[in-house]
Amino acid sequence: MESKVFDFIARERARQERNIELIASENFVSENVLRAVGSVLTNKYSEGYPVERASGNRGRYYGGCEVINELEEYCCQQWKQVFSTDYHVNVQPHSGSQANMAAFLSVLTPGDRILSMRLDNGGHLTHGSPVNFSGKLFDMCFYGINDEGFIDMADVRAKALEQRPKLILAGASAYSRVIDFAAFAEIAKEVGAYFMVDMAHIAGLVAAGDHPSPFGYADLITTTTHKTLRGARGGLIFCRPELARKVDSAVFPGTQGGPLQHVIAGKAVAAEEAQTEDFRNYIHQVVKNCRAMAEEFSRMGYKVVTGGTDNHLFLLDLTDTGLTGKAVQDELDRHGITLNKNAVPGETRSPQQCSGVRIGTAAMTTRGYKEADFIAVARKIDQVIRAMQAENRQ
Ligand code: DSN
C-alpha cells in the first residue's frame, strides 16, 4: 500500500520547485544528502560516542555500532577540515536549538547570566527569549543594534561591564553585516566571560572565506548544517579541546538520547561538499547576488536596513510603504515568492505583524540564479508592493 505521506512529499517538492524561495535560512540539498538522510542508518541506536562505544567500556549501550562508529568519526573529521580547525566537534545535536542548549549547559548552570543580541534586533529565540528554555533557565541580558541597524559594540562592552555575564553570545538570525568576533572576544576576555558564537546563518560563508572565522576567538561555536552550509537539517557544536568532555556530556546524556545517524550521514555528505571549489564558488555567488538585489531595492527607493549587506541576507524596512511585513509576506506567497516578515530597527508593530521582511539568496543561488535574476525578482516584489499600495492594503 502506498502511504499517503508520499502525496504530501510530492506536493511539497512541486511547491519548492514552483516558488521563488527567499527564506534566508532555507536551501536545497543535494541528491546525495537526501539519499544519506533517507537511508537504513535511521534504524540504528548508538548512544554515546565512537571511542567509548568501540572500546566496550563505559558508555557502550548498544552492540552493532562498528559501522556507525566509523561514520561518526568520519563526519567529525570532515567538519574539522571544512573549518580548518583543531577544535573538538560534536556532530550529534539534532538541531541548532539543541546545539545551543547543550553548549550553554556545558559551561553554565541554570541561573547563570548570558549577554546576547536582542531577538527583535536580529537575535534568535534560543538566545534568551522568555518563551524559550534559554530565557527560562538563564539570567539574560541583551545588547542591541544602533539606529542604522549595526551591532553597537560600545553597547556590548557597556552591558558586559555592567552585567558581568558568565557567557557572551554573538550570532544572529537577521543581521546582514560582518560580525566582529575579535572585538567580542576582547570584551569577553575583559570581563572573564566565556565567548560563544552561533554562526548558524553565516557558517557557509565562514567555510568559504566570505566572512571572518570565529575559530581562534570563541570558546564554543554552534551552527546548523542546513542554511548556507546546504546540508541535512541539524546542528553541530565546536569547542576548544579543553571543553570537549563538558560539551559531549551536555549533548549526551545531558540533553539528548540516541543520535540520529542518518542525519549525521547527511551532515557528513554536506561536509564533503563544503570542501569543494564548487561550494566556495556557490557561496561567493550567494554574496554577490545578495548585494545586487539589495542595491536594486535601494535604487528603487526602498529602505534596506544598514544600507546594504555583507552576507546572504538583508532586511527591507517597509515602514515608509505603510504596509506590514505580514501583509507583504502573505501577498508574495500568493505570487509564488516565499520569504518571511521581520522586525526592523525601532520596530513599532507586534511580532505578528512586523514592519519589514527578511530576504535571503542562498536557496535560489543553488537553483542557479545570478545577479540579473535576483534583480528581476526585486522588481517583481516592487510591483506586488506597488499594487498593494494602490489598493491601500495593510
Ligand atoms: N528559524 C531560523 C531562521 O529562520 O533564521 C533560525 O533558526
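An account of the accompanying structure is given in this report. (Residues numbered from 1 in each chain as written. Predicted model: local features only at pLDDT ≥ 70, side-chain atom pairs only at ≥ 80, totals over all residues. Heavy atoms only, no water.)

**Points about the packing of helix 7 (residues 153–163) against helix 8 (residues 181–191)**
For step 1, the next point in the chain: Two elements in contact, helix 7 and helix 8, have axes separated by 10 Å at closest approach and are oriented at 15°. By the angle between their axes, helix 7 is roughly parallel relative to helix 8. In terms of crossing hand, the pair formed by helix 7 and helix 8 is right-handed. Contacts from Met153, Val156, Arg157, Ala160 and Leu161 in helix 7 reach Ala183, Phe184, Ile187, Glu190 and Val191 in helix 8.
For step 2, the next point in the chain: Considered class by class, the residues forming the contact of helix 7 with helix 8 number 8 nonpolar, no polar and 2 charged. (Axes fitted to C-alpha atoms, helices over the stretch in contact; angles between N-to-C directions. Helix = DSSP H or I, 4+ residues; strand = E, 2+ residues; numbered from the N terminus. Parallel < 35°, antiparallel > 145°, perpendicular 65-115°, else oblique. Left-handed = near helix turned anticlockwise from the far one by under 90°. Contact = heavy atoms within 4.5 Å. Nonpolar A, V, L, I, M, F, W, Y, C, P; charged D, E, K, R; others polar.)

**Examining the sheet that holds strand 4 (residues 139–143)**
For step 1, the next point in the chain: Pairing in this open sheet of 7 strands is mixed, and the strands run 2-8-7-6-5-3-4 from one edge to the other. Lying at the two open borders of the sheet, with one neighbouring strand each, are strand 2 (88–90) and strand 4. When the angles between neighbouring strand axes are averaged without regard to direction, this sheet yields 20°. (Pairing = 2+ DSSP bridges.)

**Examining the pattern of salt bridges**
For step 1, the next point in the chain: Evaluation of the coordinates by the stated rule reveals 18 salt bridges.
For step 2, the next point in the chain: In this structure, the salt-bridge partner of aspartate 112 is lysine 166, at a minimum N-O distance of 3.5 Å. Taken together, the residues span a long stretch of sequence, with aspartate 112 in the loop between helix 5 (96–107) and strand 3 (113–117) and lysine 166 in the loop between helix 7 and strand 5 (167–170) at a distance of 54 residues.
For step 3, the next point in the chain: Taking relative accessible area as the criterion, aspartate 112 reaches 16% and is therefore assigned buried.
For step 4, the next point in the chain: Here aspartate 382 makes a salt bridge to arginine 386, at a shortest N to O gap of 3.0 Å. (Salt bridge = Lys/Arg side-chain N within 4 Å of Asp/Glu carboxyl O. Buried < 20%, exposed > 50% of the residue type's maximum accessible area, 1.4 Å probe, protein only.)

**Regarding the state of the cysteines**
For step 1, the next point in the chain: Per the stated rule, a full pass over the model turns up 0 disulfides.
For step 2, the next point in the chain: You can see cysteine 75 has no disulfide; the closest cysteine sulfur is in cysteine 76, sitting 6.0 Å from it.
For step 3, the next point in the chain: Distance from the sulfur of cysteine 239, which forms no disulfide, to the nearest cysteine sulfur (cysteine 76) is 11 Å.
For step 4, the next point in the chain: With relative accessibility at 0%, the residue cysteine 239 sits in the buried group. (Disulfide = S-S within 2.5 Å.)

**Examining the site of the ligand**
For step 1, the next point in the chain: In the neighbourhood of the ligand, the contacting residues comprise Ser25, His124, Ser173, His201, Lys227 and Arg358.
For step 2, the next point in the chain: Contact distances for the ligand include 2.7 Å between an oxygen atom and a side-chain N or O atom of histidine 201.
For step 3, the next point in the chain: Residue arginine 358 places a side-chain N or O atom 2.8 Å away from an oxygen atom belonging to the ligand.
For step 4, the next point in the chain: Taking 230 Å² as the accessible area of the ligand by itself, protein coverage stands at 63%.
For step 5, the next point in the chain: By residue class, the composition of the shell around the ligand is no nonpolar, 4 polar and 2 charged. (Near = heavy atom within 4 Å. Polar contact = N/O pair within 3.5 Å; in protein donor to acceptor, adjacent residues only side chain to side chain. Areas by Shrake-Rupley, 256 points an atom, 1.4 Å probe, with all protein chains shown as cover.)

**What to know about the pairing of strand 7 (residues 220–224)**
For step 1, the next point in the chain: Burial within strand 7 is extensive, with 5 of its 5 residues counted as buried.
For step 2, the next point in the chain: Between strand 6 (residues 194–198) and its parallel partner strand 7, the chain crosses via helix 9 (residues 203–208), and the hand of that crossover is right-handed.
For step 3, the next point in the chain: Relative to strand 8 (residues 235–239), strand 7 runs antiparallel, the two being bridged by 5 bridges. Within the sheet, the bridge partner assigned to threonine 224 lies in strand 8 and is glycine 235. (Right-handed = clockwise from strand over helix to strand, strands pointing away.)

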